[in-house]
Number of protein chains: 2
Amino acid sequence: MTKVLPNWLKKRAFVTPDRTAIEYKDQQYTFKQLHQLTGEKAGQLAAAGVKKGDVGAILLKNHPDTVIMIHALFYIGVQVVMLNNKLSKDELTWQLEDSQASFVITETTFLNKVETQHQWSVWTMDEMSEWPSITAAVKEEHDLDDIATVMYTSGTTGYPKGVIQTYGNHWWSAVGSALNLGLSENDSWYCSVPVFHISGLSILMRSVIYGMTVILAEKFSAKEANWHIHENGVTIMSVVPTMLNRMVHELGESIYPSSFRCMLLGGGPAPESLLKKCKTKKIPVFQSYGMTETSSQIVTLSPDDSLRKLGSAGKALMPSQVRINTEDKEAKPGEEGEILVKGPNVTRGYLNNLAATEKAIHEGWFYTGDIGYLDKEGFLYVLDRRSDLIISGGENIYPAEIESVLSSFPAVQEAGVIGKKDEEWGEVPVAFVVVNAQSAETIIREIKTYCEERLASYKVPRKIIPCNKLPRNAAGKLLRRELRKTLGDQDEA
Amino acid sequence: MTKVLPNWLKKRAFVTPDRTAIEYKDQQYTFKQLHQLTGEKAGQLAAAGVKKGDVGAILLKNHPDTVIMIHALFYIGVQVVMLNNKLSKDELTWQLEDSQASFVITETTFLNKVETQHQWSVWTMDEMSEWPSITAAVKEEHDLDDIATVMYTSGTTGYPKGVIQTYGNHWWSAVGSALNLGLSENDSWYCSVPVFHISGLSILMRSVIYGMTVILAEKFSAKEANWHIHENGVTIMSVVPTMLNRMVHELGESIYPSSFRCMLLGGGPAPESLLKKCKTKKIPVFQSYGMTETSSQIVTLSPDDSLRKLGSAGKALMPSQVRINTEDKEAKPGEEGEILVKGPNVTRGYLNNLAATEKAIHEGWFYTGDIGYLDKEGFLYVLDRRSDLIISGGENIYPAEIESVLSSFPAVQEAGVIGKKDEEWGEVPVAFVVVNAQSAETIIREIKTYCEERLASYKVPRKIIPCNKLPRNAAGKLLRRELRKTLGDQDEA
């Protein structure tokens, strides 16, 4: 079958030139303008020697210039590593090395986070705006098998892996979303989730594929989001539970207008109390399950089912499939096991990491590592996120990654990290450490500083609790559920 | 990239089991019911020995049982030859032989049209309903490269060619249509065009891919169609100009409700007077250009542009491309040439006919044979349908095919067929013949009967005009424009 499609943005600028593509504060860009600016930026990149097949990273905020830069890199055919701007310098260096990026595009604010004594060039958006431009050879087509973006995600081992997202993955994800949520010429999607995450990037992809307006925000603000929904025609928004909770709170007595048709909720299940409040306030919540490897949601629950199927993430939608495996066989309804997913939106593997790819994908099925079950009607219930994943304000935190930093501190013998429930963030990380030191109190402060220097702030353990030893099973495997019990006892005391 | 998708209807019955799939007179079928009935029918086919990879033909009317049969054949993996029930016995025999079908499924009404002294089995729907059933091995997935359907279309030579339509072609056509026209949970598509044509079949495909209701009619009736739009929530309808004209006429003084959002017009351009009437009556007309080889529309004009770009078929939409070639080079805006199309909805070729495939497809581009140009904004204007195609009430008629029948009549020396404008049908075929006979009048009557026995009635020349010789150029090529001139002179006289 044909596996090339016309360059999306260029095509979109041709089909609906005058429709608004991006709105940001008081700025508006039509698809035609977006295409023109992207072409100019691509020209500057080409003049600087950037070419098809290069690996380049971006470390930027949500901003129209970021959107233009992403498309400009696509126009040339660069594989774009989407760096999380909350990460520490050490974490970013690791990802740049692993991806073998030849350049990093960033802004002055983040310069202190970028290692310069390395094989990659570092360019700021400001200096680039002064660059000369040539007429770049803009890609006329996107090959669906080509790599568009790479996003790093940690795993069981704690080493981040670069998830490959092809043009095909993004395309099919956008199409799957449209088949699920519908599509209207009047749609306008509010994007206050970071575009370096798949939740944000997928909105930008849908924009050019559908011809849909994106209202972009640099940061999330409940008040602003509610204003856009009430006064500025926003019809869809992507949120994580923390954001939704704040929006409902900020809303006070008012309810949502009928023009708002979808609150797409990712990043963990929502508590019943929140869903009930949303129902009263006429907020149509679509709970969903997805990950970087599935290029956004792959399972979604419609508002009609949200209370009837409380705790469920919904059904696998066209064009995807979900199954549960237990002991390498397909589980029966109600039976727990590992969640497997399949579909054209699912990654083909990890960048420069064949071992991880081979471990994760078998016969077209991606083994998520998450645990769950399907009920008799086929609704998915996610019980445990893989590797005891902690989800804090929509950000994924892998305990193993924090444990590895903690263990590298000289006085720490061993460390165990778990998530603790948190009213505001859903969960926050908490660490248990066995230390060789007289004064635990002093050393704990030092450990915290050590973590702050090496980890994104949302990953720094909220609490570091010294203990004599960590609970382990006979095979030496850390028993996190015992740690959770200890933490529960402490809190009650 | 992944090239399999879950079996559409089965998946749809899982995702939205209780939504209405088909409405026909006073019958309604949910997706769950449609899936169950399809499974049973597949079981009967399997019990009769029908298996994956078989080629089977259907010669049926628009009816829910026909829809079930099509899906049942898909469930097993049969390549389905969609026979046009207006064709003559000779024409059908030709297609059955060419496709190497091993069986034909038909109904009692059409039995007299099916040759039985041949290699294919002939089954009627009635007798099949009595067959025993087994549990069939239902395909869990559709491979997008597999052949779903074959539809015959004539060409320059007059010999019909079997257009291959894969699951991928149908899928991408449905997705392209959704990206163009939008998609709503409340959509309901009125199908009174034949499902053996791509215009009708594509509606059935969209139904299971989108989860959309199809209101099916056996035959077109302007009154019924208008009723469904006004009283039964129809939001979209596919028409050809003849149908639209009758509907506007039938409408009288009333206008369309705002719930009706798209009148998809195929089968040739609409006259300005009709478009103006539609505007007054609030009928949102989307003119389009497409053919069997593109699995439905590939170029569409939105209502906003319908009068501004009068005569245009619109722009090539996601995910397709159009270009104009002249002397094997890309034409400039405004320059006439052959229309080329490319996209995942475009056929990969003709069944058992490598020569025709190689002639039509080069480097991924399908050479339509139609003549047209693109204006500066990229709007397509179709000037001449390929091989002097005559479009009569939405049916394609190839002059060469009729000329070949005429020439096989002993007394006919040579024949030339052209289209004549017709108030009701758009065009009707008219033949010029050079005959060896004393009494032209008697022989003309005989020729007409001869045609009636061999051709679908809409192809039988409305008028057969005897003449001394046909106008030809130096190379002996028939000059149809001279025939048109002669016909014009006759009409004025």
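Model, not experiment: these values are computed from the prediction. (Residues numbered from 1 in each chain as written. Chains lettered and ligands numbered in written order. Predicted model: local features only at pLDDT ≥ 70, side-chain atom pairs only at ≥ 80, totals over all residues. Heavy atoms only, no water.)

A. Summary view of the relation of the copies chain B and chain A. Superposition record for chain B on chain A: RMSD 0.1 Å, screw rotation 180 degrees, translation along axis 0.0 Å. Read as a symmetry element, the transformation amounts to a two-fold axis. No C-alpha of chain B lies nearer the rotation axis than that of Leu-183 of chain B, which sits 2.4 Å from it. Both copies present the same face, since 100% of the interface residues in chain B are matched by interface residues at the equivalent positions in chain A. (Least-squares fit on C-alpha atoms with pLDDT ≥ 70 in both. Contact = heavy atoms within 4.5 Å.)

B. Layout of the environment of Arg-323 of chain B. Residue and element names in this part refer to chain B. On the secondary structure map, Arg-323 appears in strand S18 (residues 321–326). For the pair Arg-323 and Tyr-289, spaced 34 residues apart in sequence, the C-alpha to C-alpha distance is 13 Å. In terms of polar contacts, Arg-323 uses its side chain to reach the side chain of Asn-325, at 3.2 Å. (Helix = DSSP H or I, 4+ residues; strand = E, 2+ residues; numbered from the N terminus. Polar contact = N/O pair within 3.5 Å; in protein donor to acceptor, adjacent residues only side chain to side chain.)

C. Broad picture of the interface of chain B and chain A. Listed per partner, the contact involves 37 residues of chain B and 37 residues of chain A. Of the roughly 3300 Å² buried where chain B meets chain A, counting both sides, 67% is carbon and sulfur surface. Across the chain B-chain A interface, the total number found is two salt bridges. Note that Glu-141 of chain B is salt-bridged to Lys-342 of chain A, the shortest N-O span being 2.8 Å. Elements supplying a minimum of two residues to the side of chain B that touches chain A: strand S1 (4–6), helix H1 (8–15), helix H6 (167–181), helix H7 (198–211) and strand S17 (312–316) of chain B. Tallied by class, residues from the side of chain B that touches chain A come to 23 nonpolar, six polar and eight charged. (Buried area = accessible area lost by both parts, 1.4 Å probe. Salt bridge = Lys/Arg side-chain N within 4 Å of Asp/Glu carboxyl O. Nonpolar A, V, L, I, M, F, W, Y, C, P; charged D, E, K, R; others polar.)

D. Molecular detail of the side chain of Ser-202 of chain A. Along the chain, Ser-202 of chain A turns up in helix H7 (residues 198–211). The class for Ser-202 of chain A is buried, based on a relative accessible area of 4%. (Buried < 20%, exposed > 50% of the residue type's maximum accessible area, 1.4 Å probe, protein only.)

E. Highlighting the pairing of strand S13 (residues 236–239) of chain A. All names here are of chain A. Burial along S13 is two-sided: the residues Ile-236 and Ser-238 and Met-237 and Val-239 are all buried. For strand S11 (residues 188–191) and S13, the ladder comprises two bridges, and the chain directions are parallel. Counterpart to Trp-189 in the pairing with S13 is Ile-236. Relative to strand S14 (residues 262–265), S13 runs parallel, the two being bridged by four bridges. Within the sheet, the bridge partner assigned to Ile-236 lies in S14 and is Cys-262. For the crossover from S13 across helix H9 (residues 241–251) to S14, the handedness is right-handed. (Pairing = 2+ DSSP bridges. Right-handed = clockwise from strand over helix to strand, strands pointing away.)

F. Molecular detail of the nonpolar core. Within the largest apolar cluster, 184 residues are counted, with the highest numbers of intra-cluster contacts made by Trp-171 and Met-237 of chain A together with Trp-171 and Met-263 of chain B. Aside from chain neighbours lying at most four places away, what touches Met-263 of chain B is Ile-229, Met-237, Val-239, Leu-244, Met-247, Tyr-256, Ile-283, Pro-284, Val-285 and Phe-286 of chain B. (Core = buried A, V, L, I, M, F, W, Y, C linked by side-chain atoms within 4.5 Å.)

G. Region of the structure containing the domain arrangement of chain A. Residue and element names in this part refer to chain A. The domains assigned to chain A are domain 1 (4–380) and domain 2 (390–492). Taken together, the contact pairs 21 residues of domain 1 with 18 residues of domain 2. Between domain 1 and domain 2, the buried area comes to about 1400 Å², and carbon and sulfur atoms account for 45% of it. On the surface where domain 1 and domain 2 come into contact, there are three salt bridges. Between Glu-395 and Lys-86 there is a salt bridge, and its shortest N-O distance comes to 2.6 Å. Counting across the domain 1 and domain 2 interface gives 10 residue pairs in polar contact (both at pLDDT 80 or more). Listed by contribution, the elements that provide at least two residues to the side of domain 1 that touches domain 2 are helix H4 (89–99) and H9. The element best represented in the side of domain 1 that touches domain 2 is H9, accounting for three residues. In terms of residue class, the side of domain 1 that touches domain 2 is built from four nonpolar, 13 polar and four charged. (Domains from an automatic or database assignment.)

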